[in-house]
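# Residue-level structural notes
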Amino acid sequence: MRKKNKADMYLDVTALHEEVTGSCILCTVRYPDRSKTQFIVDCGLFQEEKYQAQNYNFPFEPKDIAFALITHTHIDHIGRIPKLCKEGFNGKIYTSTLAGELMPIALTNTAEILSSSIQKNSKKKVIIDSSVPIFDSTKPLYDVDDVQNAMSQVVGLEYNTSFKVDEHISVRLFKNGHTLGACSILVTIKYRGQEPIYAFFTGDYNTHNTFFNVESIPQDVLDLPINLVTESTYGNTKKDIIKPVFDNLVIESMKNDETLIILVFAFGRMQEIKNRLKMLQDTGKLSKDIRIFSDGNLAHSYDDFYKLNAEHLNVKNFMPANVEIVQGYEHRNTILTDRKPKIILTTSGMGNYGPAQIYLPNYISRPKCTIIFGGYTAENTLGRKLQDVTPGELFELNGVMTYKRAKVYTTTEFSSHAKQDELLDLMRKFSNLKTVLVNHGDADVKKIFAKKITEEINPKHVAILGPNHTMRVGAYGLLKSYPFNP
Ligand SMILES: [Zn+2]
Ligand SMILES: [Zn+2]
């Protein structure tokens, strides 16, 4: 008879991404009989230039992964699923029912972008970095057929209902305000004669959402001995530092008879900003006579998804009056020559994809124009470039010399991530927190936040996740950290 030993069962956790892109957490459950089960939480695409090469390799065998858990449908969390399936992963992909329905919208669009950027590259005869061994410039990472195949492995789960994935592991999803369909996930691992291991993955996390209510995590979960994997995107930002400016910028711009361009992410942000404009109209702060142009096919697919699911949402109608869907090239041209005051909502949020690529170079030199970025813009994006140029300065854009005469603003007031104080509040609710593993943040932010958690929450252990080391946790918290060697 085996002697009961509390250190016999472990969960090894490695974040395969350094910062906030290409999210994928590799988890390996090691059982007392020396068998193991591997699963992943999210499987994102690296969108930032400097990490691009990592899209072509997984530091594990896809066929060895038993199942995948998906927290939400942003591309930096799901963008490599079709690639994973193509390379031999044939387990189930568990996520919320809504996220399961949203996934094909996001991934089909990504497959199309991947194909078109390959075509663009080959026309330009771009020399591909030869240090990327599996890179094949004639073939995209995956195509629309690969997306379809992968989607047959998706299983949508109800929120707050425990689901047994295999003999030892069960998962329970909790609604999370980050996006429609987003979830935090509790993983419970049980084995005869062992204390259970509980791991709670916040996913990208928010406490609230304009479109639905977020219930608090049930008390029975809050009382468990938890190993918490928390996101930390805003781990160094307090909530009250973010001042709302959007409404005033809209009002001011329309008062000055300008063209107002608002850059939006297709999923969530387009709908939220439309709702905000509707509120401005409904309160008489924005005239319903002002034309609002909406441009971006993917965003309109999400608009339709929100409308279809309106019965489950708090906001039944988010569409302002006088919205015109932009119907392609000709229509866009008439907008560009129109001098009347108007609002243009366009994708992509960072300005480097979609119709934004047409509007921004056209309007940046016009003084009667305000441009608002409705969210974060990464380095090396058109959005970041336009913000960094000094107002009035002459600069080069797509090879053309241009003056920056439009007013350019960014607001983070629509951010879908919890801030430092909100994340700490979440941690305070857990009555028996064993370990906090800090994930999904810029390297310096993760360190600052880890320090803050130690000072304010003081769980047994606080550690920082990253691709170079694995954290081994057991029923009683962190056991050790060791180098990750794929
Ligand atoms: Zn996200
Ligand atoms: Zn994320």
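What you are looking at is a predicted structure, and each value in this text was computed from that prediction instead of being measured. Every chain begins its residue count from 1, and numbering advances along the sequence as written. Naming scheme: in the order in which they are written, chains are lettered from A and ligands are numbered from 1. Local features in this predicted model are restricted to residues of pLDDT 70 or higher, and side-chain atom pairs are both shown and tallied only at a pLDDT of 80 or more, whereas totals for entire chains, interfaces and linings draw on every residue. Water and hydrogen atoms play no part in the side-chain values, which are based on all heavy atoms of the structure.

## A few points about the coordination of the zinc ion (ligand 1)
To keep it simple, the criterion reads: Here the coordinating atoms are restricted to nitrogen, oxygen and sulfur within 2.8 Å of the metal centre, or 3.2 Å for Na, K and Ca, and because water is not among them the sites may look incomplete. Angular criteria define each label, namely tetrahedral for four donors with all angles between 85 and 135 degrees, square planar for four and octahedral for six donors with opposite donors over 155 degrees apart and remaining angles between 65 and 115, and irregular for whatever fails these tests. A run of DSSP states H or I qualifies as a helix once it reaches four residues; a run of E qualifies as a strand once it reaches two. Both are numbered from the N-terminal end. Throughout, exposure labels follow a simple rule: accessible area from a 1.4 Å probe, protein chains only, divided by the maximum for the residue type, with under 20% read as buried, over 50% as exposed, and the rest as partly exposed.
Listed as protein donors to the zinc ion (ligand 1) are H72 (NE2), H74 (ND1), H178 (NE2) and D204 (OD); their distances from the metal cover 2.2 to 2.4 Å. Around the zinc ion (ligand 1), the four donor atoms sit at angles spanning 91 to 171 degrees, and that spread fits a shape best called irregular. Separating the zinc ion (ligand 1) from the zinc ion (ligand 2) is a gap of 3.5 Å, which D204 spans by donating to each of them. Placement of the pair is H72 in the loop between β4 (65-69) and α1 (75-78) and H178 in the loop between β8 (169-175) and β9 (183-189), with a sequence separation of 106 residues. The same class applies to H72 and to H178, which are both buried.

## Some details on the domain arrangement of the chain
Interfaces are often sized by the accessible area lost when the parts come together. Rules: What fixes the domain bounds is an automatic or database domain assignment. Note on contacts: a residue pair qualifies if any of its non-hydrogen atoms lie within 4.5 Å across the two residues. When two parts are put together, the accessible area they lose, computed with a 1.4 Å probe and summed over both, is reported as buried area. We define a salt bridge as a contact between a side-chain nitrogen of Lys or Arg and a carboxyl oxygen of Asp or Glu at a distance within 4 Å. Amino acids outside the nonpolar list (Ala, Val, Leu, Ile, Met, Phe, Trp, Tyr, Cys, Pro) and the charged list (Asp, Glu, Lys, Arg) are all regarded as polar, and Gly is one of them.
When its domains are assigned, the chain resolves into domain 1 (10-237 + 417-483) and domain 2 (243-410). For domain 1 versus domain 2, the distance between C-alpha centres works out to 31 Å. The interface of domain 1 with domain 2 comprises 17 residues on the first partner and 18 residues on the second. Across the domain 1 to domain 2 interface the summed buried area is about 1600 Å²; carbon plus sulfur atoms make up 68%. For the interface between domain 1 and domain 2, the tally reads zero salt bridges. For the side of domain 1 that touches domain 2, a count of residues per class yields eight nonpolar, six polar and three charged.

## As for the packing of aromatic side chains
Each aromatic ring pair is summarised here by two numbers: the centre-to-centre distance and the angle between the ring planes. Spelled out, the test is: Geometry of aromatic contacts follows a simple scheme: Phe, Tyr and Trp rings, the Trp one being its six-membered ring, pair when their centres are within 6.5 Å, and the pair is stacked under 30 degrees between planes, edge-to-face over 60, tilted otherwise. Two limits define a charge over a ring: the Lys NZ or Arg CZ must be within 6 Å of the ring centre, and within 35 degrees of the ring normal.
Taken as a whole and judged by the stated rule, the model has 13 aromatic pairs. Seen in terms of ring centroids, Y94 and F163 are 5.3 Å apart; in terms of plane orientation they differ by 50 degrees. Their pairing is tilted. Of the two residues, Y94 is situated in strand β5 (residues 92-96) and F163 in strand β7 (residues 163-164); the sequence distance between them amounts to 69 residues. On the basis of relative accessibility, which here comes to 7%, the residue Y94 falls in the buried class. Their ring planes at 75 degrees and their centres at 6.1 Å tell us that Y306 and F318 sit as a pair that is edge-to-face. Separated by twelve residues along the polypeptide, Y306 in helix α8 (residues 297-308) and F318 in the loop between α8 and β14 (323-325) bring together distant segments of the chain. Among the residues examined, F318 registers a relative accessible area of 2% and is labelled buried. Taken together, the ring pairs in this structure connect F39, F67, Y94 and F163 into an aromatic cluster. It is R366 that lies over the ring of Y363; its NZ or CZ is 4.1 Å from the centre.

## Re the side chain of S96
Stated precisely, the cut-off is as follows: Under the rule applied, a polar contact is a pair of N or O atoms within 3.5 Å (in protein, one hydrogen donor and one hydrogen acceptor; residues adjacent in sequence only if both atoms are side-chain atoms).
With respect to the secondary-structure elements, S96 resides in strand β5. Accessibility expressed as a relative area gives 1% for S96, which makes it buried. Within polar-contact distance, the side chain of S96 engages the backbone nitrogen of A99 at 3.0 Å. Polar contacts involving the side chain of S96 include one to the main-chain carbonyl oxygen of G181, which spans 2.7 Å. Those residues within four positions of S96 in sequence are excluded, and the remaining contacts are G156, L157, Y159, L173, G181 and C183.

## Structural notes on the sheet that holds strand β11 (residues 226-230)
Here is the rule: When DSSP locates at least two bridges between a pair of strands, those strands are taken to pair. Fitted lines through C-alpha atoms give the axes, limited to the stretch in contact for helices. The angle between two N-to-C directions lies from 0 to 180 degrees.
One open sheet accounts for seven strands, arranged β7-β8-β9-β10-β11-β20-β21; its pairing is mixed. Among the strands making up the open sheet, the edge pair consists of β7 and β21 (461-464). Here strand β20 (residues 433-438) runs beside β21; their pairing, made up of four bridges, is parallel. Bridge pairing in β21 places L437 opposite A463. Helix-sheet contacts for helix α13 (residues 443-456) involve β11, β20 and β21, and the interaxial angle to β21 is about 175 degrees.

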